[in-house]
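Chain by chain, the residues run as shown.
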Amino acid sequence: MFKFLGSYFGKRIKYSNPNFGGRVKRVPEDRALSSTLDENIKVVNEIFDRCGDLIIREFMIGQNNPVRAMAVFFDPLVRMETLQRDLIRPLFNAVLPRSGVTVDWLKEKAIPAASIFETNFWVETGNEITKGKAGLFVDGQKGALLIGFYEHTSRAIEQPVSEVTVRGPADAFNEDMRTNLALLRKRLRTTRLAVEKMEIGMVTKTAVCLVYLKGYLPGGLLEEVKSRLDRIKVDSLLSSGQLEEYIQDSPYSIIGAIGVTERPDVLAAELLEGKVGIVVDNTPFTLIVPITIIFHMHSPEDYYNSYWFASMIRIIRWVALHMALLLPSLYIAVTSYHQEMVPTNLLLAIMTAREGVPYPAIIEALLMEITFEILREAGVRLPRPFGQTISIVGAIVIGQAAVGA
């Protein structure tokens with residue numbers, strides 16, 4: 001019951017069940033590849049059972065004394081033109097050495113691809129194929145080659161949505177980790193920038209990267225972040241929001257110690273201050289640890305404006321924060337318990353306006369807060385044409401009612 005409620009109200013279930021969703025046949029960790037191509041084909045069909053987007057391309061290597069081979073890859077994840085140009089065509093037209101086809105000869109002289117490495121076990125082979133690599137199996141060779149022919153399936157670099165600036169850069173992170181790391185490297189062109197990769201999720205195997213500047217971190221911070229990430233044992237990790245729940249200190253705290261940004265310039269600035277960034281694949285939002293409330297009160301545009309203007313805007317933000325936190329409670333306290341603090345004319349106006357209201361001041365303030373939250377949620381979640389209309393009309397209606405009152 002508690003697991004269900006926690007999952008329903010936003011707290012993810014933190015457990016791993018290998019049989020969840022039905023029993024599946026798993027490949028043993030130490031199962032090695034066979035040197036017989038027909039046996040490897042049988043195992044591939046067994047592992048990738050009912051995968052309609054998997055392609056098994058059998059072909060011959062060389063013109064003189066050709067050797068059987070096959071390429072295994074997922075159609076949506078591999079760039080077909082590159083695979084045809086850099087793998088199948090060179091091997092089909094290759095002149096085989098007298099010693100025969102070997103894995104070393106394929107890596108060093110036959111395949112011009114940049115990303116290529118050898119594997120001897122099925123678990124690693126299956127995992128890498130699902131990530132977008134093409135597996136090359138050659139008859140008579142026990143090892144397989146995994147070659148990167150990635151298809152660019154992410155959206156282009158666009159402007160930030162939640163952190164908009166006027167004078168700052170107009171590029172933002174997207175769902176592709178390689179693009180995000182490239183945007184960060186573009187700003188921090190130094191060998192001090194460290195990137196440590198890991199995988200989280202037994203099913204999703206989501207790539208997570210720790211980024212930091214060597215020599216800038218306080219003692220113990222990196223080890224603490226790594227230990228918290230290593231303790232995560234779940235089936236799936238789909239977003240940085242889930243990861244934030246797993247590693248935060250106080251789940252019920254209003255102000256957390258983990259920052260979120262979609263801007264590469266903000267992440268670069270925080271790394272220069274001794275923070276650690278956590279880049280999660282398939283999400284455009286990057287985590288920053290640790291942060292304080294000051295992080296939430298700063299804007300990236302503060303660093304692109306003059307000192308006086310940025311300082312004034314920051315003071316206005318702090319004043320607005322205190323007004324948003326204190327004004328409703330001050331209104332309730334003054335109108336309900338401390339009427340002597342209000343000038344007589346203003347008190348008479350307030351009492352006249354509230355004469356026909358059947359609720360106490362606290363209920364009135366709560367209704368106002370809830371109404372604003374409903375309008376904000378509707379403006380964000382609804383389709384853009386409807387959301388903008390509802391936000392504008394709702395603000396006008398509430399404002400007109402307040403003026404009339």
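Each value, and the rule that gives it
Residues numbered from 1 in each chain as written. Predicted model: local features only at pLDDT ≥ 70, side-chain atom pairs only at ≥ 80, totals over all residues. Heavy atoms only, no water. Pairing = 2+ DSSP bridges. Helix = DSSP H or I, 4+ residues; strand = E, 2+ residues; numbered from the N terminus. Axes fitted to C-alpha atoms, helices over the stretch in contact; angles between N-to-C directions. Contact = heavy atoms within 4.5 Å. Buried < 20%, exposed > 50% of the residue type's maximum accessible area, 1.4 Å probe, protein only. Phe/Tyr/Trp six-rings, centres within 6.5 Å; stacked < 30°, edge-to-face > 60°. Lys NZ or Arg CZ within 6 Å of the ring centre and 35° of its normal. Core = buried A, V, L, I, M, F, W, Y, C linked by side-chain atoms within 4.5 Å. Parallel < 35°, antiparallel > 145°, perpendicular 65-115°, else oblique. Left-handed = near helix turned anticlockwise from the far one by under 90°. Nonpolar A, V, L, I, M, F, W, Y, C, P; charged D, E, K, R; others polar.

Draft legend 1. Representation of the sheet that holds strand 10 (residues 286–289). The strand order across the open sheet built from five strands is 6-7-9-10-8, with neighbouring strands paired in antiparallel fashion. Edge positions in the open sheet fall to strand 6 (193–200) and strand 8 (259–261), since each of these has one partner strand only. Neighbour to neighbour, the strand axes of the sheet diverge by 25 degrees on average, direction disregarded. In this sheet, strand 10 lies alongside strand 8 in antiparallel orientation, the contact comprising three bridges. Across the sheet, residue G259 finds its bridge partner in strand 10, namely I288. Of the strands in this sheet, strand 6, strand 7 (206–213) and strand 9 (276–280) touch helix 6 (residues 177–187), which is tilted by about 10 degrees from strand 7.

Draft legend 2. Molecular detail of the pairing of strand 9. With respect to burial, strand 9 is a largely interior element, five of its five residues being buried. Taking every second residue as pointing to the same face, both faces of strand 9 are buried, with V276, I278 and V280 on one and G277 and V279 on the other. The pairing of strand 7 with strand 9 spans four bridges and is antiparallel. The partner of V211 across the bridge, within strand 9, is G277. Across three bridges, the pairing between strand 9 and strand 10 is antiparallel. By the bridge assignment for strand 10, G277 is matched with I288. From the end of strand 9 to the start of strand 10, which pair antiparallel, there are five residues, and N282 there has a positive phi angle of about 70 degrees.

Draft legend 3. Structural detail: the packing of aromatic side chains. As enumerated under the stated definition, the model contains three aromatic pairs in all. Seen in terms of ring centroids, W122 and F137 are 5.6 Å apart; in terms of plane orientation they differ by 20 degrees. Their pairing is stacked. Separated by 15 residues along the polypeptide, W122 in helix 5 (residues 122–130) and F137 in strand 4 (residues 133–138) bring together distant segments of the chain. What makes W122 buried here is its relative accessible area of 2%. Taking relative accessible area as the criterion, F137 reaches 1% and is therefore assigned buried. With a centroid separation of 5.2 Å and 75 degrees between ring planes, the pair formed by Y307 and W308 is classed as edge-to-face. Like W308, Y307 is exposed. Sitting over the face of the ring of Y303, R314 holds its NZ or CZ atom 5.5 Å from the ring centroid.

Draft legend 4. Structural context of the side chain of Q242. Looking at where Q242 falls in the secondary structure, it is placed in helix 8 (residues 240–247). Judged by its relative accessible area of 7%, Q242 is buried.

Draft legend 5. Molecular detail of the nonpolar core. Core analysis: the largest hydrophobic core is formed by 26 residues, its most contacted members being I61, L87, L91, L106, I111 and L136. Of all the elements in the fold, those that place two or more residues in this core are strand 1 (54–61), strand 2 (67–74), helix 3 (80–92), helix 4 (103–110), strand 4 and strand 5 (144–148). Among all residues touching L91, those that are not within four sequence positions of it are F59, M60, I61, G62, L106, A110, I111 and L136. Formed by 22 residues, the second largest nonpolar core is a distinct cluster that contains A194, L210, I232 and L287.

Draft legend 6. Representation of unusual backbone geometry. Cis peptide bonds are those with omega within 30 degrees of zero, and the linkage from V289 to P290 qualifies with -15 degrees. Backbone geometry at R50 places phi at a positive 60 degrees, although glycine is not the residue there. Checked against the element boundaries, R50 lands in the loop between helix 2 (37–47) and strand 1. A positive phi angle, near 70 degrees, is found at N282, a position not held by glycine. Relative to the assigned elements, N282 resides in the loop between strand 9 and strand 10. According to the relative accessible area criterion, N282 is exposed, its value standing at 52%.

Draft legend 7. How the structure looks around the sheet that holds strand 3 (residues 116–119). Taken in spatial order, the five strands of this open sheet run 1-2-4-5-3, and their pairing is antiparallel. One side of each edge strand has no neighbouring strand; the edge strands of this open sheet are strand 1 and strand 3. Strand-to-strand twist across the sheet, computed as the mean angle between neighbouring axes with direction ignored, equals 25 degrees. Bridge count for strand 3 against strand 5 is four bridges, and the pairing is antiparallel. Of the residues in strand 5, the one forming a bridge with E118 is L145. Here helix 2 sits on the sheet and contacts strand 1, strand 2 and strand 4; the angle it forms with strand 2, its principal contact strand, is near 15 degrees. Helix 5 rests against strand 2, strand 3, strand 4 and strand 5 of the sheet, and its axis sits at about 140 degrees to strand 4.

Draft legend 8. Structural context of the packing of helix 11 (residues 307–336) against helix 13 (residues 361–381). At a closest axis distance of 9 Å, the pairing of helix 11 and helix 13 adopts a crossing angle of 160 degrees. What the angle tells us is that helix 11 and helix 13 run roughly antiparallel. The way helix 11 lies across helix 13 gives a crossing that is right-handed. For the pair helix 11 and helix 13, contact is made by P328, Y331, I332, T335 and S336 and by A361, I362, E364, A365 and E369, respectively. Of the residues assigned to the contact of helix 11 with helix 13, the class counts are six nonpolar, two polar and two charged.

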